[in-house]
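The lines below spell out each chain.
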Amino acid sequence: AQSVTQLGSHVSVSEGALVLLRCNYSSSVPPYLFWYVQYPNQGLQLLLKYTTGATLVKGINGFEAEFKKSETSFHLTKPSAHMSDAAEYFCAVALNTGFQKLVFGTGTRLLVSP
Amino acid sequence: ETGVTQSPTHLIKTRGQQVTLRCSSQSGHNTVSWYQQALGQGPQFIFQYYREEENGRGNFPPRFSGLQFPNYSSELNVNALELDDSALYLCASSLKGREETQYFGPGTRLLVL
């Protein structure tokens, strides 16, 4: 069964610092991988996705993630944090068992201080 | 292009009652999935509908049921509400064959007292 592990329930950075949110997955087949962001009292917004092709994926708001098969990782990064990046971030893997469903990690709350 | 919408935004029910949540898919999307997000947790897959039929189901009891209509809008029904059903319920739409890319609505927050 596929699963997702997000290391760190909370990550704190200063404005302008590098953001690194970690995600590891377990999958017996090449996965589809996603990062979603959730702002307070809102639904999920797709940040970026990896399906096939280039392993470095660029998303919205300056975020990017790199699929590393050898490390079974899909870490999310942003060179310079902004106050507006403060939110909950979820890594997800698409599980295909005749239909597609998303399996989410438990989330990482990003805190950005001035 | 209209995004995914959900109604109501908030709902309070008592244990044992029944609730219906509604979702309108993004324009052109024919597949809808429902997820339950408990406080402090990631979303958990409930089920998926395509062509008005349940296409797949997660580990939820039968008192969680759904409908999809010809216009691809959808309902989630929960009978015999329990306290643990308190959560944010998220609807996501996608295209058949591209279900891996799902677009989420803002959710309905359900509180069961």
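Residues numbered from 1 in each chain as written. Chains lettered and ligands numbered in written order. Predicted model: local features only at pLDDT ≥ 70, side-chain atom pairs only at ≥ 80, totals over all residues. Heavy atoms only, no water.

Trainee: I keep staring at the overall build of chain B and nothing clicks. Help me out?
Mentor: Helix and strand counts for chain B come out as 0 helices and 11 strands. Starting at the N terminus, the α and β elements of chain B follow one another as β-β-β-β-β-β-β-β-β-β-β. What you see for chain B is a C-alpha radius of gyration of 13 Å, in line with the 13 Å of a compact globule of 113 residues. Seen along its three principal axes, the alpha-carbon backbone of chain B occupies a region of about 40 × 25 × 25 Å. For chain B, buried positions account for 52% of its 113 residues. Long-range pairs, those at least 24 residues apart, make up 54% of the contacts in chain B between residues at least 6 apart in sequence. By element, 49% of the accessible surface of chain B is carried by carbon and sulfur atoms, the whole surface being about 5300 Å². If you average the places of the 9 positive and of the 10 negative side-chain charges in chain B, the two averages end up 4 Å apart. (Helix = DSSP H or I, 4+ residues; strand = E, 2+ residues; numbered from the N terminus. Rg over C-alpha atoms; globule rule 2.2 N^0.38 Å. Buried < 20%, exposed > 50% of the residue type's maximum accessible area, 1.4 Å probe, protein only. Contact = heavy atoms within 4.5 Å. Areas by Shrake-Rupley, 256 points an atom, 1.4 Å probe, with all protein chains shown as cover. Lys, Arg positive; Asp, Glu negative; His and termini not counted. Charge placed at Lys NZ, Arg CZ, Asp CG, Glu CD.)

Trainee: Would you mind showing me how to read the sheet that holds strand 1 (residues 3-7) of chain A here?
Mentor: Backbone-to-backbone hydrogen bonds join strands into a sheet, with any given pair of strands oriented parallel or antiparallel. Residue and element names in this part refer to chain A. One open sheet accounts for 5 strands, arranged 1-3-8-7-6; its pairing is antiparallel. This sheet does not close on itself; its edge strands, each paired only once, are strand 1 and strand 6 (56-58). Ignoring strand direction, the axes of neighbouring strands in this sheet form an average angle of 20 degrees. Judged from the 4 bridges that link them, strand 3 (residues 19-26) and strand 8 (residues 73-78) form a sheet pairing that is antiparallel. Note on strand 8: the bridge partner recorded for Leu21 is Leu76. (Pairing = 2+ DSSP bridges. Axes fitted to C-alpha atoms, helices over the stretch in contact; angles between N-to-C directions.)

Trainee: What is the right way to look at the interface of chain B and chain A in this model?
Mentor: Many analyses report the size of an interface as the accessible area lost when the parts associate. Of the residues lining the interface, 22 residues belong to chain B; the matching set on chain A comes to 19 residues. When the two sides are added together, the surface that chain B and chain A hide from each other amounts to roughly 1600 Å², 57% of it contributed by carbon and sulfur. Contact with chain A buries surface across chain B, with Pro43, Glu100 and Phe104 of chain B losing the most and accounting together for 32% of the total. Here chain B and chain A share 0 salt bridges between them. Applying the counting criterion to the chain B and chain A interface returns 5 residue pairs in polar contact (both at pLDDT 80 or more). Sorting the residues of the side of chain B that touches chain A by element identifies strand 4 (31-37), strand 5 (44-50), strand 6 (53-57), strand 9 (87-94) and strand 10 (103-104) of chain B as the ones contributing at least two each. Top contributing element to the side of chain B that touches chain A by residue count: strand 6 of chain B, with 3 residues. (Buried area = accessible area lost by both parts, 1.4 Å probe. Salt bridge = Lys/Arg side-chain N within 4 Å of Asp/Glu carboxyl O. Polar contact = N/O pair within 3.5 Å; in protein donor to acceptor, adjacent residues only side chain to side chain.)

Trainee: I would appreciate a short explanation of the state of the cysteines in the present structure.
Mentor: Every disulfide links exactly two cysteines, by a covalent bond between their sulfur atoms. For the structure on display, the rule yields 2 disulfides over all chains. One disulfide bridge connects Cys23 of chain A with Cys91 of chain A, the sulfur atoms lying 1.9 Å from each other. Between Cys23 of chain A and Cys91 of chain A, the S-S dihedral sits near -65 degrees, and the bridge is therefore left-handed. Taken together, the residues span a long stretch of sequence, with Cys23 of chain A in strand 3 and Cys91 of chain A in strand 9 (residues 87-96) at a distance of 68 residues. By relative accessible area, which is 0% here, Cys23 of chain A ends up buried. Note that Cys23 of chain B is cross-linked by a disulfide to Cys91 of chain B, the S-S spacing being 1.7 Å. (Disulfide = S-S within 2.5 Å.)

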